[in-house]
Amino acid sequence: MFKKMRITEEELYSYDDKVFGFSSERIGTRGYIEIYTTFREGKVSKIIKIRYLVIDTNTSYNILLG
């Protein structure tokens, strides 16, 4: 997804920890990026800076929030 957004590797911050995948395997991260993200419900919106971890794995999701 970050390639589709034209984010370069140089824009990623280092992140050395691993995350757990859906089948409990440990997945390495490529880094993270902080992006201002807009959440909207009806006419009310809020912009929050969110840290997104970039991982290199096959998944049917582009992004997971949690």
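Above this text you will find the structure in question.
Let me begin by describing the structure that accompanies this report. These numbers were taken from a predicted model, which means no experiment stands behind them. (Residues numbered from 1 in each chain as written. Predicted model: local features only at pLDDT ≥ 70, side-chain atom pairs only at ≥ 80, totals over all residues. Heavy atoms only, no water.)

**Examining the sheet that holds strand 3 (residues 44-55)**
Working step 1: In spatial order, the strands read 1-2-3; together these three strands make up an open sheet with antiparallel pairing. What marks the edges here is a single partner per strand, and that holds for strand 1 (18-20) and strand 3. In this sheet, neighbouring strand axes are inclined to one another by 40° on average, regardless of whether the strands run parallel or antiparallel.
Working step 2: Pairing between strand 1 and strand 2 (residues 26-41): three bridges, direction antiparallel. Residue pairing for strand 2: V19 is matched across the bridge by I27. (Pairing = 2+ DSSP bridges. Helix = DSSP H or I, 4+ residues; strand = E, 2+ residues; numbered from the N terminus. Axes fitted to C-alpha atoms, helices over the stretch in contact; angles between N-to-C directions.)

**Looking at the environment of I35**
Working step 1: As for its position among the elements, I35 is in strand 2.
Working step 2: For the pair I35 and F2, spaced 33 residues apart in sequence, the C-alpha separation works out to 11 Å.

**Considering the pairing of strand 2**
In regular strands, side chains alternate between the two faces of the sheet.
Working step 1: The pairing of strand 2 with strand 3 spans 12 bridges and is classified as antiparallel. Bridging across to strand 3, R40 finds its partner in S45.

**With respect to the packing of aromatic side chains**
Working step 1: Here the structure, examined in full by the defined rule, presents two aromatic pairs.
Working step 2: Each ring, one from Y13 and one from Y32, has its centre 5.1 Å from the other, and the planes form 25°; the classification is stacked. In this pair, Y13 is assigned in the segment before strand 1 and Y32 in strand 2, connecting sequence segments 19 residues apart.
Working step 3: On the basis of relative accessible area, Y32 is assigned to the buried category, the value being 13%.
Working step 4: Ring geometry for Y15 against Y32: centres 6.3 Å apart, planes inclined by 85°, an arrangement best described as edge-to-face. Taken together, the residues Y15 in the segment before strand 1 and Y32 in strand 2 connect sequence positions 17 residues apart.
Working step 5: Put simply, the rings of Y13, Y15 and Y32 pair up and form one aromatic cluster.
Working step 6: Directly above the aromatic system of Y32 lies the positively charged group of R51, at a separation of 4.0 Å from the ring centroid. (Phe/Tyr/Trp six-rings, centres within 6.5 Å; stacked < 30°, edge-to-face > 60°. Buried < 20%, exposed > 50% of the residue type's maximum accessible area, 1.4 Å probe, protein only. Lys NZ or Arg CZ within 6 Å of the ring centre and 35° of its normal.)

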